[in-house]
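Commentary on secondary and tertiary structure
This is what each chain is made of:
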Amino acid sequence: MHLQRLELRRIELDLVTPFRTSFGTQTRRDILLLHVTTDEGEGWGECVAMTEPVYSAEFVDAAALVIAEHFWPTLTAGGAVSAADVATRLDPYAGHPMAKAALEAAVLDAELRAAGVNLHAYLGGRRDHIPSGVSVGIFDTLDELLGQVQGYVDDGYARIKLKIEPGWDVEPVRLVRELIGPEMGLQVDANTAYGRTDADHLRRLDDYDLLLIEQPLPEEDILGHARLAAAIETPVCLDESIVSLQTAEDAIELGAAEIINIKPGRVGGYLEARRIHDLCVDRDVPVWCGGMVETGIGRAANAALAALPGFTLPGDISAASRFYHRDIVTEPITVHDGEVAVPEGPGMGFELDHDFIDGITTSTTTLDAP
Ligand code: SMG
Ligand code: MG
């Protein structure tokens, strides 16, 4: 396939309700979309970097810049390209996995649409429905939290994930477990908010039969996670620390990751995500698909990935309406009986609502291939 043109589109969407995590509160999403034109057709990718470098080092302005100034010129200088070549061609560049993943996704979408193949078939997914979990933010009061959780239970979600931080952990977990009963899946995500000396405190969560505790310690602290995993019963799951197949293998080997959250953006793309999935199947490590508050583009692709057999835990693939009043695709993801249908159309399986996208576009940059 020959790449001809790349359009970088920035769009802005308000969230239906503020989403607070241990690293800050989001009220709107500022998103970079990539639209690639090739001699065989077009494709779209969504970059999951956030406005500020608070979840990881990446942020939207930097992603747009590194794609425009470095990735696109390099990718188009090498002649015909397939999605499977993108990571190799961009390998000389350090870091920026979310920017790389977005570019690979756009090329992959174009390639699969041209071939009439759906992403989930291409990846080897075997299910047409996947269980849907919801990520619940931090609130000012426990009453607000319980009201939100009850709403999600009523919506039929298959499991609840609570964002935690020091001062908002044991008591919210205790009350939510009481509210949802002993059977429903419950897990927590600290987004690196704790330290090595917090093991005794975090052990108190062992009383609530959690599926896992996600990324309690800083991204680089693999040894700390290994020690914590040995010290508490709740399984330790890594998110931010896993940025590649290599880091996944090391963390598993060192006992730091009893479960892995796979986010395609964080690991540089859907193809690296599948390699991590395959490794985890081989090592008997359960995986699940994380979310980055994606629009219908990323949500459709994540659902395809999560259809792979190793994704044995419900992912953060909620209904689009969990975050957005209106999605940018014509058929937004919905949740029925705790499940999301894996999109079946060619490519990543979505169709875009172009008029709506035009209305929320804040800037467009077009780059031609040399
Ligand atoms: O898309 O449902 C979603 C968000 C899931 O909690 C979620 N993501 O650390 O796992 C995580 C966070 C990162 C983004 S928070 C703005
Ligand atoms: Mg997380």
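What you see is a predicted model; the values in this text were computed from it and never measured. (Residues numbered from 1 in each chain as written. Chains lettered and ligands numbered in written order. Predicted model: local features only at pLDDT ≥ 70, side-chain atom pairs only at ≥ 80, totals over all residues. Heavy atoms only, no water.)

1. Details of the sheet that holds strand S3 (residues 41-47)
With antiparallel pairing, the four strands of this open sheet are ordered in space as S3-S2-S1-S13. Strands with a single pairing partner mark the edges of an open sheet, and in this sheet they are S3 and strand S13 (361-368). For this sheet the average axis-to-axis angle between neighbouring strands, irrespective of direction, equals 20°. Direction of pairing for strand S2 (residues 24-38) relative to S3: antiparallel, over a ladder of seven bridges. Among the inter-strand pairings, His35 is bridged to a residue of S3, identified as Trp44. (Pairing = 2+ DSSP bridges. Helix = DSSP H or I, 4+ residues; strand = E, 2+ residues; numbered from the N terminus. Axes fitted to C-alpha atoms, helices over the stretch in contact; angles between N-to-C directions.)

2. Topic: the sheet that holds strand S7 (residues 185-189)
In a beta sheet, neighbouring strands are held together by backbone hydrogen bonds and run either parallel or antiparallel to one another. With respect to topology, seven strands assemble into an open sheet ordered S5-S6-S7-S8-S9-S10-S11, the strand pairing being parallel. Where the open sheet ends on each side, the last strands, each with one partner, are strand S5 (133-136) and strand S11 (287-289). Along the sheet, helix H6 (residues 170-180) contacts strand S6 (159-163) and S7; its crossing angle with S7, the most-contacted strand, is approximately 160°. (Contact = heavy atoms within 4.5 Å.)

3. Some details on the coordination of the magnesium ion (ligand 2)
Note on metal sites: the ideal angle is 109.5 degrees for four tetrahedral donors, and 90 or 180 degrees for six octahedral donors. Those protein atoms acting as donors to the magnesium ion (ligand 2) are Asp189 (OD), Glu214 (OE) and Asp239 (OD), and they sit at 2.0 to 2.3 Å. Here the donor residues of the magnesium ion (ligand 2) share one chain and are spaced in sequence as D-x24-E-x24-D. With Asp189 in strand S7 and Glu214 in strand S8 (residues 213-214), this residue pair connects regions lying 25 residues apart in the sequence. An identical accessibility class is assigned to Asp189 and Glu214; each is buried. (Donors = N, O, S within 2.8 Å, 3.2 Å for Na, K, Ca; no water. Buried < 20%, exposed > 50% of the residue type's maximum accessible area, 1.4 Å probe, protein only.)

4. What about the packing of helix H1 (residues 60-77) against helix H3 (residues 97-115)?
Relative orientation of the contacting elements H1 and H3 amounts to 55°, with a least axis distance of 10 Å. In terms of their interaxial angle, H1 and H3 are classed as oblique. For the pair H1 and H3, the crossing hand works out as right-handed. Of the residues in H3, those touching H1 at Ala63, Val66, Ile67, Phe71, Trp72 and Leu75 are Ala99, Lys100 and Leu103. Here the contact of H1 with H3 is composed, by residue class, of eight nonpolar, no polar and one charged. (Parallel < 35°, antiparallel > 145°, perpendicular 65-115°, else oblique. Left-handed = near helix turned anticlockwise from the far one by under 90°. Nonpolar A, V, L, I, M, F, W, Y, C, P; charged D, E, K, R; others polar.)

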